Each structure stands twice: as C-alpha cells, then as structure tokens.
Amino acid sequence: MTETQTKVEITFEDFKSEVLNDYTIATTSRECSLLGRREVLTGKAKFGIFGDGKEIPQLALAKAFKNGDFRSGYYRDQTFMMAIGAMTIQQFFAGLYGHTDINFDPMSAGRQMGGHFATHSLDENGNWNNLTQQKNSSADISPTAGQMPRLLGLAQASKIYRNVSGINQTLFSESGNEIAWGTIGNASTSEGLFFETINAAGVLQVPMVMSVWDDEYGISVHARHQTTKENISEILKGFQRDENGKGFEILTVKGWDYPTLVSTYEKAAAIAREEHVPVLIHVRELTQPQGHSTSGSHERYKNADRLAWEAEFDCLAQMRIWLIENNIATAEELDAIDNQAKKEVLEGKKAAWTSFVTPMKEEQKELVTLLNTIAASSDNKVFIDKIAADLAAIKEPIRKDILTTARKVLRMLINENGKASLSSWITAYTAKIQPKFSSHLFSQSDKNILNSEEVPAIYDATAEEVDARLVLRDNFDAIFSKYPESLIFGEDSGNIGDVNQGLEGMQEKYGELRVADVGIREATILGQGIGMAMRGLRPIAEIQYLDYLLYAIQIMSDDLATLQYRTAGRQKAPLIIRTRGHRLEGVWHSGSPMGMIINAIRGIHVLVPRNMTKAAGFYNTLLEKDEPALVIECLNGYRLKEKMPTNLGEFKTPIGVVETIKEGTDITLVSYGSTLRLVEQAAKELETVGINCEIIDIQSLLPFDINHDIVKSVAKTNRLLVIDEDVPGGASAYILQEIIENQNTYKHLDSAPQTMASKAHRPAYGTDGDYFSKPSIEDIFERVYAIMHEAHPNKYKSLY
C-alpha cells in the first residue's frame, strides 16, 4: 500500500495544531522576505529575490511531498524548503549574505544568490546519501525555465526504477513511487524549454507535478504580453488526458485558498505517484507584495486597483481570515504567532550575520597585527601604518578588503626584510580562501577521472578487422549487461540502432526503456540525462550530430557543468553525452564548434576519440567515474576497419592523456578526431621530402594533457603546429594557449608556434566544399614545409 492510500484519522486538536504550524511557517517565511529586502537595501546583502506572496501554495505542496521525492524549482520556493525542514531562518540569511561555509549555507556555500535551493545528495566524500530517506531538492539555477529539462529526467528515473528489473534501488527509489515536483513562474512558461518539457512529459508519461505560480506578471510585463489568452492552463487544454489518449491531468486552484490548495495537491500526488501520469497545477491569483526583486519597486508598473487587490488577496491575509472564520484561531492568537515569528527571524538574521562576519574580522585582525609588526622596521612605516589603520577601521570587512590591503603593502616591501613574512601570509591566505570560491568544478571524490588508469584493448591472434561501428555496438552490449542501471536514448537510437548502427539490436535485447527513441528535442534529451543521473542511474544521452548540440548548450552550460560547483560537491550528475561530428559535407552536419563548446561547458569533460575503439574505451572509463562528459565520435569513421578487442566493456581509454601515434624529430603536429587521418597522410608525404613529423593525438580537450607530454615532444623537435577544424581562434587557440603558456613550451621553440584551422565560415556542401573549407592534406603539407623552409631555406626551397 502506498503512502497516499494510507488514511489516518486525526482529532480536531491535531488538525488545528498542524494548520497553525503551517501558518507559523508561512509567517516566518514572509518575515524573512521582508527583513531580507531590508538587508539588501542597507548594503549587507548584494541582491534579493524572495518568495513572498507564494507561501500558502508552497505549504500545500510540502504536505504532498514525501521522502524520496525531488523538487526542481525556481527562486521563490523558500517557504517550501522551510516546510520540508530543509532550511532554517539562519540558513536563509546565510545564503543571502553569501556565506562560503557549507555548514552555514548548505544550499550552495555562498556560490549562488539567495533563493536558490538544494539538499545534499552526497556526503562530504562524494558518496551517495540514501535519497529515499530524505526530501530532495535539485540545485536551482537562475535562467528562466532552465529547471524544466532536469525535472523531466528526475521524473523519468521513477519510471525506470519501477519498470526495469535488476537495478539496485537501495539508495535511490522505492519501486518508482517518487514524484518529481516542478515550480515555475507564469511568465517563464513562455520559454521554449517549458513547452518542450511539457510535451516530452506527456509522451513519456512520467510522475511529474508541475506547479505554475501565477501572479500575472513577469517582472513588469503583464500576462497579456506573455501568454495567449493570459492563461497557461487554458492553452494547454489539449494536453488533458481523456478516453482518446494519454496526456496530463490539468488542475487549477486559487493561490490564496488554503483548504482547496491542500486537497488539490493531495489529488495531484495520488495521480502522479500511483498512475505515473504527469499533472499540471495552475495556481492563480497570487500576489507579489514586494515586487519582483530588490532591483526595483512594483508600484512603478501596477495601478492602484491592482495594488489594492493584492493587499486584500495576499495569501497570508486570506489564510488568517480563514483561520478566524473557522474558529481555528483568534486574531489575538495569530498576532502572537506573528510577533513571535518577527522575533525569531530577527534573532536568526543576527546569528547569521555574526557567523558570516566573525571569521573575516579575525582575518582582518591577524593581518593588521602583521602589518604593524612589519611597519616597525620598514622605511615605509608611515604609509604602512596608515594602510593598516584604514583596514582596522572597517567595521564589517570582506575578504577583498583584507587581501587587497596585503597585496598593496607587499609592493612597498620589495627590498625589505618584511617582504618574506607578508608574502608567505598572502600565499597561505589565498590558498585557504580561494577554494571557497573555486573548488568542486569537478569531483573531488575518489571516483574522479584523475584516478583512472588505462586498460589496453586486447586482441587475439585471429582478431578480425570489422566495421568500426561493430566495436562500439558490441562494447555497448557489454556495458548494458555489466551495468543494469545504464541506459541510452536519443533520436533514432532505439528501433534502428542509431543512424550509424552503433546500437544495432540493442533495443530488442534490452528493451525500449533502456535503449530508447525520443523526439526531436535536444534540450530535454540532456535534461532527461541530468535528472536520471542525479538519481543514481547511468544514462547516456545521445545528440544525433555535434551541430545539434547547440540546442542543448544552455542546459549543459548552466545546469550540468555547474552542478558540482554550485553545490560545493553535494550533488552530482555523471551523465555521458554521446554525439558524432566532423568532416561530413554541408553546413549543418559538419561543423566543429569546439571553441564554443569547451569554453561554455567547463565542468564537463570533452573527449575527442580518433576511432571507435578509443570511443568505446572512454565509455568504459566514464561508467566507473562520477563526472559528466561529452564524447564526440568521428562521423566518417563508422565504416572504417578496426580490429575487434576480446575484452569488450573492460578496456579503458585514459582521460586527459595524449597519445603519440608517430615518433618524429623535425616538428610536432598536434590534432584530434577525424583530422588526424589527414595529418597522418600529410606526414607520410612529408617524409618523401625529408621532413620527419611527430604526431600527437590530444584525445581529450577537457582536461588537456595532464601529464604535459606535448612539451616533451616539442623539447625534442623544437617546432609546433596545431591542426584543428574549428574556426580560426577556436579550439586551436585554446590548445596553443595550453601548450605554450601552461606547459611553458615557448622556451623549447626555434620557430614560431602556429595553428591551422578551418575557414571562418561554416563548411560548404560537397567534396569541394569540404576541401576549400577545412584543412586538407595539401594545406598541412605546405604549412609544415613552410615552417621548415623558414628554418632551413637552403635545404627546403620555397614552394611558392
């Protein structure tokens, strides 16, 4: 029997106690909003965006929210977080101040502004908590509707856990009974991500309950400019399930009607939890007492009638009326609750501020003491004393004040004995403080990729040369057998086994839930993967072509890439993104926007295998690790011949490690992916004129050459050419910066390092279009020859 089927009789006193507790939470949340705004306006906090006006529907949501459930919401759900016991008053203000200690701001350790909520799915070592024994909130992001794609995956995980056998559910699910709850403002339903997710959820039939908080405005823009008919539930009526087809259950309710809200959310939960039918709840007639945020006042764009209506139908005011009319509480009792809430919020705010500033005051005092000591024997004593006094006079210092002061004084000590002690202090202080703002871009657990080791592919004496796609296919077969929690989905991935047959026969063998076709909707393909990975599954999200990744780049950049960072390592989504690209013909199927990708998704590994065996090895490596990655297979490599390994599912390609595929003495050629085949051919032709090239396959753009092997090559050859098929200044510029600056390769160069990229435009159609758009064998030959001509003009006569 599920929780929603269990009926418990309660007394009136129990009911009264529960309702008054709800009112207390709502009042406390409102006081936090009011006082929070003042903290911003007085300068103690940087920016504020609060949940005032949405308190009562969030209480109803919290009542229906069970252990194991997940929230994917937006930045006004503070009452909900308080109601499920996931945030205290002090933590609310710690987040507002940006406290960098996760023990005080468990939502993001000061990395996100207030109003962005999360619970801890992982312990301090990166190991999973038991998600079925806690109420869960995925970490919020600010981009409007950005929470929607992830929500889809969080809901789909329940469907997988309920219907796929063999998965160890211990920490993650109880037979798929969990609901994924989404929240969004009415104006943000205008975003494409909202509609894409709603459509996908209707198709997939997953337990998702979507709440739309409707206060008729998007900042200052009224709903008539946002939504057809000014009513999102009205225009979504076609999604309503009926006897003719599956779809959504669509419910509407007034946001100030407490008892109806509670019953509406109970109904929605029963439908989603038991039937795995998505539900949309349109919560109307909400208000926004303080306007959109601390950046402005709503009196500028709301007329007197609207403001008067909002004062009357404020959900908290209406709940107060309901409590009195139904003899649940007197006005005096409610006044006492209000006054107590004000007191507790004020005390919580003070405690949060004290905890926030105390460490910095101690650091301030420590530096002032050091500066006074240094000044005593300095020729610049007068100046240092003044700077130290100025720092000491700051009543509420921030770390910028402290470190700026130290670094300015250091300049005065260049030729003095005091330099050593201050320099050491600055170095130690930076080492202590910088991680508070920069840690956890990647996993810091023992499952991070830096702990991976290569396992070579093994071949027996009769290893057959096969189409390379078969190496991928048979390796996927081994993966799906080895990891019951693994699954793959994408456009044409299921029935036909992907457009290049790398999944041939896999759906028939493993079922439509584990090897699935999906619609043409790249952003929510990514979202499915993120959400399922956050719930312990190991999804592989397939984007059919690299060029189509642009539809999903925002989700990858703002959500997946930042997840470990913005939770300080307390949530993860080890999603593998599979795609294919490079060297086909035509504008939309042969792009290589690698510079865009690697600079947009720091926090996701970018892997560029030159063949399918290397690609398969990356998948095998990643499934043992806990970090997300993008694997870009070579689009023109599926029919090329490769030997079939005997250790399928076991061999591993190391991540962040380059491979020298040809030794040489005259010049180092660095490239990756399909372009390597051209480089190899050009190198053979260069040998005919006496030029011996060393060729290095990068294999991994993020991370890049962690062992610094390229500099060792350049130390031998003294010349460097980076060949890439991105636009000029794209990935080749990134690669060159890594080699020259981070590896200090410049000191080994006898010739200027160079890059060779594609033309600045997209590749034109046809074989000639490819030849005149991207580097060719002749281009590579002639560029290398020109470098050698410059070095040895008598030996290598000019070609032109």
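Heads up: these notes are all about the structure in this document. (Residues numbered from 1 in each chain as written. Predicted model: local features only at pLDDT ≥ 70, side-chain atom pairs only at ≥ 80, totals over all residues. Heavy atoms only, no water.)

### Observations concerning the overall build of the protein chain
So, point 1. Secondary structure assignment for the protein chain yields 27 helices and 22 strands.
So, point 2. Taken against the 2.2 N^0.38 rule, which gives 28 Å for 800 residues, the C-alpha radius of gyration of the protein chain at 30 Å falls within 12% of a compact globule.
So, point 3. C-alpha atoms of the protein chain, sized along the principal axes, occupy 100 × 85 × 45 Å.
So, point 4. Considering the protein chain as a whole, with its 800 residues, one finds that 59% of them fall into the buried category.
So, point 5. Sequence separation of 24 or more characterises 79% of the internal contacts of the protein chain that already satisfy a separation of 6 or more.
So, point 6. Carbon and sulfur atoms make up 51% of the accessible area of the protein chain, which amounts to about 31,900 Å² in all.
So, point 7. In the protein chain, 83 positive and 106 negative side-chain charges are present, and the distance between their average locations comes to 4 Å. (Helix = DSSP H or I, 4+ residues; strand = E, 2+ residues; numbered from the N terminus. Rg over C-alpha atoms; globule rule 2.2 N^0.38 Å. Buried < 20%, exposed > 50% of the residue type's maximum accessible area, 1.4 Å probe, protein only. Contact = heavy atoms within 4.5 Å. Areas by Shrake-Rupley, 256 points an atom, 1.4 Å probe, with all protein chains shown as cover. Lys, Arg positive; Asp, Glu negative; His and termini not counted. Charge placed at Lys NZ, Arg CZ, Asp CG, Glu CD.)

### Some points on the sheet that holds strand E22 (residues 754-756)
Sheet strands pair via backbone hydrogen bonds, and the direction of the pair is either parallel or antiparallel.
So, point 1. Read from one edge to the other, the open sheet built from five strands follows the order E17-E19-E18-E21-E22, with strand pairing classed as mixed. Of all the strands in the sheet, the pair left with one neighbour each is strand E17 (659-662) and E22. In this sheet, adjacent strand axes meet at a mean angle of 25° when their direction is disregarded.
So, point 2. By the bridge criterion, three bridges tie strand E21 (residues 720-723) to E22 in an arrangement that is parallel. The residue bridging Val 722 from the neighbouring strand is Thr 755, located in E22. (Pairing = 2+ DSSP bridges. Axes fitted to C-alpha atoms, helices over the stretch in contact; angles between N-to-C directions.)

### Digging into the sheet that holds strand E12 (residues 538-542)
So, point 1. Spatial strand order, E11-E10-E12-E13-E15-E14-E20: seven strands in an open sheet with mixed pairing. Each end of this open sheet is capped by a strand with a single partner; those strands are strand E11 (515-517) and strand E20 (700-702). Averaged over neighbouring strand pairs, the angle between their axes works out to 20° when direction is ignored.
So, point 2. When strand E14 (residues 605-607) meets strand E15 (residues 629-634), the two strands line up parallel, connected through three bridges. Bridging across to E15, Val 606 finds its partner in Leu 630.

### Quick word on helix H2 (residues 55-64)
So, point 1. Of all 10 residues that make up H2, nine are buried, and the element is covered over most of its length.
So, point 2. Where H2 is concerned, the buried positions are Glu 55, Ile 56, Pro 57, Gln 58, Leu 59, Ala 60, Leu 61, Ala 62 and Ala 64.

### A few points about the nonpolar core
So, point 1. Among the nonpolar cores identified, the biggest contains 87 residues, and Met 594, Val 606, Leu 701 and Ile 735 are the most heavily contacted of them.
So, point 2. For this core, the element with the most residues is helix H5 (residues 147-163), which contributes eight residues.
So, point 3. Once residues within four sequence positions are removed from consideration, Val 606 is found in contact with Met 594, Ile 597, Ile 598, Ile 601, Leu 630, Ile 632, Ser 700, Leu 701 and Leu 702.
So, point 4. Counting residues in hydrophobic clusters, the runner-up holds 68 residues, among them Val 19, Cys 32, Phe 93 and Trp 353. (Core = buried A, V, L, I, M, F, W, Y, C linked by side-chain atoms within 4.5 Å.)

### A closer look at unusual backbone geometry
So, point 1. Cis peptide bonds are those with omega within 30 degrees of zero, and the linkage from Leu 702 to Pro 703 qualifies with 0°.
So, point 2. Residues other than glycine seldom take positive phi values, yet His 276 does so here, at roughly 55°.
So, point 3. Summarising the element assignment, His 276 is placed in the loop between helix H8 (258-275) and strand E8 (279-284).
So, point 4. At Ala 568, a position not held by glycine, the phi torsion is positive, near 50°.
So, point 5. Along the polypeptide, Ala 568 turns up in the loop between helix H20 (563-566) and strand E13 (576-581).

### Concerning the pattern of salt bridges
So, point 1. Applying the stated criterion across every chain, the model contains 48 salt bridges.
So, point 2. The partner of Arg 580 in a salt bridge is Asp 498, and the shortest N-O contact between them spans 3.9 Å. Highlighted residues: Arg 580 in strand E13 and Asp 498 in the loop between strand E10 (486-490) and helix H17 (506-510), separated in sequence by 82 residues. Exposure class is identical for Arg 580 and Asp 498. Each is buried.
So, point 3. Each member of the salt-bridge network shares a partner with another, and the members are Asp 498, Glu 542, Arg 578, Arg 580 and Glu 633. (Salt bridge = Lys/Arg side-chain N within 4 Å of Asp/Glu carboxyl O.)

### A word on the pairing of E10
Looking along a regular strand, one sees side chains alternate from face to face of the sheet.
So, point 1. Taking burial as the measure, the five residues of E10 include five buried ones, the bulk of the element.
So, point 2. Both faces of E10 are covered, namely the face carrying Ser 486, Ile 488 and Gly 490 and the face carrying Leu 487 and Phe 489.
So, point 3. Relative to E12, E10 runs parallel, the two being bridged by five bridges. Counted as the bridge partner of Gly 490 is Glu 542 from E12.
So, point 4. Pairing geometry for E10 and E11, over three bridges, is parallel. Across the sheet, Ile 488 pairs through a bridge with Val 515, a residue of E11.

### Some points on the side chain of Arg 535
So, point 1. Looking at where Arg 535 falls in the secondary structure, it is placed in the loop between helix H18 (522-533) and E12.
So, point 2. Residue classification places Arg 535 among the buried residues on the basis of a relative accessible area of 2%.
So, point 3. A distance of 2.8 Å separates a polar atom in the side chain of Arg 535 from the backbone oxygen of Leu 154.
So, point 4. For Arg 535, the residues in contact, after removing those within four places along its chain, are Phe 70, Trp 128, Leu 131, Leu 154, Ala 157, Ser 158, Tyr 161, Phe 172, Ser 173 and Glu 178. (Polar contact = N/O pair within 3.5 Å; in protein donor to acceptor, adjacent residues only side chain to side chain.)

### Observations concerning the environment of Ala 629
So, point 1. By secondary structure assignment, the location of Ala 629 is in strand E15.
So, point 2. Accessibility expressed as a relative area gives 0% for Ala 629, which makes it buried.
So, point 3. For the pair Ala 629 and Leu 702, spaced 73 residues apart in sequence, the C-alpha separation works out to 9.0 Å.

### Comments concerning the packing of helix H4 (residues 89-97) against helix H11 (residues 331-375)
So, point 1. At a minimum axis separation of 8 Å, H4 and H11 run at an interaxial angle of 50°. With respect to their mutual orientation, H4 and H11 come out oblique. Where H4 crosses over H11, the handedness of that crossing is right-handed. Between H4, through Ile 89, Gln 90, Phe 93, Ala 94 and Tyr 97, and H11, the contact on the second element is made entirely by Glu 344, Val 345, Gly 348, Lys 349, Ala 351, Ala 352, Trp 353, Ser 355 and Phe 356.
So, point 2. A breakdown of the residues in the contact of H4 with H11 according to their chemical character gives nine nonpolar, three polar and two charged. (Parallel < 35°, antiparallel > 145°, perpendicular 65-115°, else oblique. Left-handed = near helix turned anticlockwise from the far one by under 90°. Nonpolar A, V, L, I, M, F, W, Y, C, P; charged D, E, K, R; others polar.)

### Observations regarding the pairing of strand E4 (residues 208-213)
So, point 1. Summarising burial for E4: six of the six residues are buried, a large majority.
So, point 2. Covered by surrounding structure in E4 are Met 208, Met 210 and Val 212 together with Val 209, Ser 211 and Trp 213, the residues of both alternating faces.
So, point 3. Pairing of strand E3 (residues 180-185) with E4 involves six bridges; the strand directions are parallel. Bridged to Trp 181 within E4 is Val 209.
So, point 4. Handedness of the β-α-β unit built from E3, helix H6 (residues 192-204) and E4 comes out right-handed.
So, point 5. When E4 meets E8, the two strands line up parallel, connected through five bridges. From the neighbouring strand, Ser 211 faces E8, where its bridge partner is Ile 281. (Right-handed = clockwise from strand over helix to strand, strands pointing away.)

### Remarks on the packing of aromatic side chains
So, point 1. With the rule as written, the count across this model stands at 27 aromatic pairs.
So, point 2. Ring geometry for Trp 128 and Phe 172: centres 5.1 Å apart, planes at 90°, overall edge-to-face. In this pair, Trp 128 is assigned in the loop between H4 and strand E2 (136-137) and Phe 172 in the loop between H5 and E3, connecting sequence segments 44 residues apart.
So, point 3. Each residue in the set Phe 50, Phe 92, Phe 93, Tyr 97, Trp 353 and Phe 356 is aromatic and connected to the rest through ring pairs, giving one cluster.
So, point 4. Just above the ring of Tyr 217 sits the side chain of Lys 302; from NZ or CZ to the centre is 5.2 Å. (Phe/Tyr/Trp six-rings, centres within 6.5 Å; stacked < 30°, edge-to-face > 60°. Lys NZ or Arg CZ within 6 Å of the ring centre and 35° of its normal.)

The quantities given are spatial measurements derived from coordinates; they are silent on function.
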